[in-house]
Structures are given as structure tokens and as C-alpha cells.
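# Secondary and tertiary structure notes
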Amino acid sequence: MAVFNLRAYDDHEQIVFCRDVESGLKAIICVHNTNLGPAVGGCRMWDYNSDEGALIDALRLSRGMTYKNAMAGLNMGGGKSVIIGNSKTMKSEELFRAFGRFVDKLSGKYITAEDVGINPQDMAIVNKETNHVLGLEGKSGDPSPVTAYGVFTGLKAAVKHRLDRDDLEGLKVSVQGLGHVGYYLCRHLHEQGAQLVVTDINKESVDRVVDEFGAKAVDTDEIYHQEVDVYAPCALGATINDNTLPKIQASVIAGAANNQLAEDRHGDILMQKGILYAPDYVINAGGIINVSFEENYDQAAALKKVDEIYGTLTEVFDASKSSGRPTNVIADEIARQRVADAKKK
Ligand SMILES: NC(=O)c1ccc[n+]([C@@H]2O[C@H](COP(=O)([O-])OP(=O)(O)OC[C@H]3O[C@@H](n4cnc5c(N)ncnc54)[C@H](O)[C@@H]3O)[C@@H](O)[C@H]2O)c1
């Protein structure tokens, strides 16, 4: 496999393949760019089908963190790590300690945190071997409610831009995925009078949102067809693809999921269809913003910074409108420029 030629490689500064035979650890740490500061990004534990799949996922997520941190105005670069394995059956103290030692060897160039498959207890073990960990329990805590608040803020910016309205009363919103972020997003939307159509593969999560917020539940494959104003993807990536695009009725897409566009070209198609897309890594930055305030944590200050997502997205939407180019392309350009400018300083 020719790593340097991979599209996802995108001039990564460093890739570390981590192996610890005793604990069974197989992990990959990717440091994409440190122009703006140490590379910060979570650790994901996933049962990948292949090592190549794990590497490509880590590279894409790591590059995404560079862009996300730059667009959020944080003095942090981008990185990510993946532990290859089943998070339900393969976790152990030795495994996370071994991972922590690899993180520590990077001397702060990469700072890790939680991601899919990893919980605060796992990170507390990693923290026994390295101080380069963020999002620990008792500090900034679970980032999901703050991510949801940021998505809610960004959704309002998109509704203002596309539908020219400040209030959400009666606005129809479909929410796909009612986990840590989706649930809190539904709560914000409900409080502002929005009508919710929701789906999740987990029935209990659906029942809770139906009971608490009067949401209408639909099957997972029906969510795209719904006649709504806003579609909020809050489950998996790549839900905007050649199959789903013809079905989407919403005029705004604003949700928490990472890597929502299966391919960049889907951003062009959305624009041609008059659907305003809030670039994922801009709208879902609330969690990383919260984590960046971990030292002497001050929630009010963190939320004030998260409020800036409204203005950042409006800047992206305005530039897209005036230039006639898709929002995902505009966001990438602004992020790349910020990273390049940081190198000159
Ligand atoms: N948690 C954060 O702070 C944060 C920050 C930035 C981005 N994100 C992204 O937001 C998304 C949601 O994060 P989360 O922390 O809420 O994750 P989560 O695992 O708590 O929730 C995801 C939910 O999606 C559901 N789901 C899975 N497949 C589905 C399908 N096919 N159809 C409908 N529902 C499905 C799951 O059952 C689960 O309830 C993820 O893509 C994540 O990467 C999260």
C-alpha cells in the first residue's frame, strides 16, 4: 500500500503505527498538521475490516481535525488515533496503558481524547501513562451536550440564511441518530417550538425522544424522504451520497455527524439543488471547543466561544452565495488559509 499516494494522506506530518504484543494493542496515531499548535483529536476504537481501512479512517479524521480546529479559531492542530479492535470485547487496562505510552512518546505533539468506542474510564487509564489527554472526567466532562448546543446554534444560522427566519416555531426538522448529541439537539429544537421527525436503530432512544419531545418516529430508511425544512444527520458519516441525495426534501442540512458528504462532489450537487449544507466540521466543533477550555474549565467562556459558530457559518454561507461555489469547498479554503497563515508567523 503506497501511503504517500493515498488521497487521504494529504501531507500528514507524522503517522505512528503502534504495536504492543503483550496487551494485543494495534493502533495508528496520525498527526496531520501542527502549524496552529499541538495536534488534538480523539481516539476511536473500532473493529475495522482491514488495516488499510483503519489507516484511511484515521487519516481522514485527522485531516478533518486540522480543519475543524482552524475553523473554530483554536490554537490547536489536527490529529487522530484509532485502536483496531472490538470495543466490547478487547478492552483492558494493559491495552490502554500501552496506548498511553505511545501517546507519551510523542511528547505533546499529539493530544488524545475520547471518540467513538472510548469512554472516560478508558481515558483515565491512558492518563496513567501520559498527561497528553483531554476531556477527562471531572474536568470539561462529556462534550456531547456542548456539541449539540453548537449544532443548534449553527442550524439557526443556516435557517436564517436559507429561509430568512430567526425563530424555529413550527420548523420541521428530521434528526437521524438520537445518541449523545442527537438527544440534546432534539431538546433544544423542541424548546424552540420545532416539530421533530426522528429515527434511530435503537428503539429505546427513539421512545425517549417521542415521549419527551412529542417527536414523530420513522424507520431508518424513511428519514431521507421526509418533507422537512432541515435534515440533521447525527449518526454515521457518508449519509449524503448518490442513493440518498435524490430523496432529500429538506432545504437545509445541519447536523453533528462527521464526514457527512460521501464525496466532495456531493457538495456541488447539494448547491445545485438549492440545499444549504452546513459543513460538518464547522457546525460540530462545540465539543472540541469545550475540551480546549479544559485547563481551569469555565463553561460560560466555552459556550461563548461556541456561539461563534453562528458567525463562522454565516461567513461561509455568504462567501458561497457570492462566489457560486459550494459551502464545503469554501470552508476547506478558509481552513487551509488559516493553517498556512499560522506557518508564516
Ligand atoms: N459526541 C460529540 O461531542 C461529537 C462531536 C463531534 C462530532 N460528533 C459526531 O456526531 C455523531 C453522533 O455522535 P454521538 O456522540 O451522538 O454518537 P452516539 O454513538 O452516542 O449516537 C449515534 C446514534 O446513532 C444511532 N445510529 C447508528 N446507525 C444509525 C442508522 N443507520 N440510522 C439511525 N440511527 C443510527 C445509534 O444507535 C446512536 O444512538 C457521530 O458521527 C460523531 O462522530 C460527535
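Remember, predicted model here, so these are calculated numbers, not experimental data.

Procedures and definitions
Residues numbered from 1 in each chain as written. Predicted model: local features only at pLDDT ≥ 70, side-chain atom pairs only at ≥ 80, totals over all residues. Heavy atoms only, no water. Salt bridge = Lys/Arg side-chain N within 4 Å of Asp/Glu carboxyl O. Helix = DSSP H or I, 4+ residues; strand = E, 2+ residues; numbered from the N terminus. Pairing = 2+ DSSP bridges. Domains from an automatic or database assignment. Contact = heavy atoms within 4.5 Å. Buried area = accessible area lost by both parts, 1.4 Å probe. Polar contact = N/O pair within 3.5 Å; in protein donor to acceptor, adjacent residues only side chain to side chain. Near = heavy atom within 4 Å. Areas by Shrake-Rupley, 256 points an atom, 1.4 Å probe, with all protein chains shown as cover. Nonpolar A, V, L, I, M, F, W, Y, C, P; charged D, E, K, R; others polar.

Right, let's get into the pattern of salt bridges. Applying the stated rule across the entire model yields 19 salt bridges. Among the salt bridges present, the one from Lys-109 reaches Glu-13, with a minimum N-O distance of 3.9 Å. Taken together, the residues Lys-109 in the loop between helix H2 (93-105) and strand E6 (110-111) and Glu-13 in the segment before strand E1 (14-20) connect sequence positions 96 residues apart.

With that settled, consider the sheet that holds strand E12 (residues 276-277). Sheet architecture is open: six strands sit in the order E9-E8-E7-E10-E11-E12, paired in parallel fashion. Because the sheet does not close on itself, it has two edges, and the strands there are strand E9 (216-217) and E12. Of the pairings in the sheet, the one linking strand E7 (residues 172-176) to strand E8 (residues 195-199) comprises five bridges and is parallel in character. When the bridges of E8 are listed, Val-175 appears paired with Val-198.

Our next topic: the domain arrangement of the protein. Its domain assignment divides the protein into domain 1 (3-64 + 77-126) and domain 2 (144-340). Spacing between the C-alpha centres of domain 1 and domain 2 amounts to 26 Å. On the domain 2 side, the residues contacting the eight residues of domain 1 number seven residues. Carbon and sulfur atoms supply 51% of the area that domain 1 and domain 2 bury against each other, a total of about 660 Å² over both sides. It is Asn-35, Leu-36 and Arg-60 that lose the most area in domain 1 upon contact with domain 2, and together they represent 44% of the buried surface on that side. Salt-bridge contacts for Asp-264 lead to Arg-7; the nearest nitrogen and oxygen are separated by 3.3 Å. Our count for the domain 1 to domain 2 interface comes out at two residue pairs in polar contact (both at pLDDT 80 or more). For the side of domain 1 that touches domain 2, the element with the highest residue contribution is helix H1 (residues 51-71), accounting for three residues.

For the rest of this paragraph, the subject is the site of the ligand. Residues in contact with the ligand amount to 19 residues; listed here are only the nearest, Thr-147, His-180, Val-181, Asp-200 and Ala-235. In this structure, His-180 approaches the ligand through a side-chain N or O atom, which is 2.6 Å from an oxygen atom. Its free accessible area being 820 Å², the ligand has 76% of it covered by the protein chains. Residue assignment for the shell around the ligand shows that the elements contributing at least two residues are helix H4 (144-163) and helix H5 (180-191). Classifying every residue of the shell around the ligand by side-chain character gives nine nonpolar, eight polar and two charged.

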